[in-house]
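The chain contents come next:
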Amino acid sequence: MCIFCKIVQGEIPCNKVHENDEFLAFHDVNPKAPIHILVIPKKHIDKFQNVTPELMAKMTPFIQEVAKILELDQRGYRLIVNNGEDGGQEVMHLHFHILGGTKLLWPQLTPDENKKYL
Ligand code: 5GP
Ligand code: ZN
């Protein structure tokens with residue numbers, strides 16, 4: 001069983017923010033921003049590439065609810081999905097990162113730096 005399935009089962013504790021029958025939101029153990037939440041489906045899906053439109057249609061309002069609970073809805077937040085190896089995904093159970101609580105930086109690459117990545 002993967003680490004996030006163990007969190008869903010209660011085998012590993014988490015700092016829960018919100019849940020319903022299908023989704024769970026909890027604080028990231030290694031936050032990259034003042035507020036860093038992970039939103040997961042309770043059902044194991046390995047990555048965004050394999051999520052169905054039907055599940056996403058339900059996940060979207062859940063993410064919006066989480067943002068409201070944390071009072072991020074007015075000032076804003078960043079939503080990130082790392083998908084697969086090149087995307088830097090470490091836990092192979094679909095999760096959305098919600099980052100907020102400050103004005104987040106965005107990498108400003110020079111044209112030369114851009115060439116290295118594009
Ligand atoms: P990824 O790199 O797969 O997109 O992100 C995985 C995230 O899960 C990381 O930000 C990491 O800090 C977080 N994480 C890994 N293990 C645990 C855990 O056991 N509990 C919590 N709350 N977060 C975890
Ligand atoms: Zn899982």
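Residues numbered from 1 in each chain as written. Chains lettered and ligands numbered in written order. Predicted model: local features only at pLDDT ≥ 70, side-chain atom pairs only at ≥ 80, totals over all residues. Heavy atoms only, no water.

Student: Can you explain the coordination of the zinc ion (ligand 2)? Please cite residues and give values.
Tutor: Coordination of the zinc ion (ligand 2) by the protein involves C2 (SG), C5 (SG), H44 (ND1) and H93 (ND1), with metal-donor separations of 2.1 to 2.3 Å. Given four donor atoms and angles of 102 to 120° at the metal, the environment of the zinc ion (ligand 2) is assigned as tetrahedral. All donors of the zinc ion (ligand 2) belong to a single chain; written as a sequence motif, their spacing is C-x2-C-x38-H-x48-H. Here C2 is found in the segment before helix 1 (3-9), whereas its partner H93 is found in the loop between strand 4 (78-80) and strand 5 (96-100), with 91 residues between them in sequence. Residue classification places H93 among the buried residues on the basis of a relative accessible area of 0%. (Donors = N, O, S within 2.8 Å, 3.2 Å for Na, K, Ca; no water. Tetrahedral: all angles 85-135°; square planar, octahedral: opposite > 155°, others 65-115°. Helix = DSSP H or I, 4+ residues; strand = E, 2+ residues; numbered from the N terminus. Buried < 20%, exposed > 50% of the residue type's maximum accessible area, 1.4 Å probe, protein only.)

Student: Now, about the pattern of salt bridges: what can you tell me, with residues and values included?
Tutor: Using the criterion set out here, one finds three salt bridges in the structure. Measuring nitrogen to oxygen at the nearest pair gives 2.6 Å for the salt bridge that ties E19 to K16. By relative accessible area, which is 34% here, E19 ends up partly exposed. A salt bridge links K58 to E22; the nearest nitrogen and oxygen atoms lie 3.0 Å apart. One end of the pair, K58, is in helix 2 (residues 53-69); the other, E22, is in the loop between strand 1 (16-19) and strand 2 (23-27), with 36 residues separating them in the sequence. With relative accessibility at 40%, the residue K58 sits in the partly exposed group. Taking the relative accessible area as the measure of exposure, E22 reaches 31% and is therefore partly exposed. Through salt bridges with shared partners, a single ionic network connects K16, E19 and K42. (Salt bridge = Lys/Arg side-chain N within 4 Å of Asp/Glu carboxyl O.)

Student: Account for the side chain of D28, naming residues and giving values.
Tutor: When you line up the elements, D28 lands in the loop between strand 2 and strand 3 (35-41). Nearest to the buried, unbridged D28 among oppositely charged side chains is K32, at 5.0 Å. Looking at D28, its side chain comes within polar contact range of the main-chain nitrogen of N30, at 2.8 Å. (Lys, Arg positive; Asp, Glu negative; His and termini not counted. Polar contact = N/O pair within 3.5 Å; in protein donor to acceptor, adjacent residues only side chain to side chain.)

Student: Any details on helix 2? Residues and values, ideally.
Tutor: Its 17 residues place the ends of helix 2 25 Å apart at the C-alpha level, agreeing with the 24 Å of an ideal helix rising 1.5 Å per residue. All of the buried residues along helix 2 are L55, M56, M59, F62, I63, V66 and A67. Contacts from the buried residues of helix 2 go to strand 1, strand 2, strand 3, strand 4 and strand 5. Just past helix 2, the residue E71 takes up positive phi, approximately 60°. (Expected span 1.5 Å × (residues − 1). Contact = heavy atoms within 4.5 Å.)

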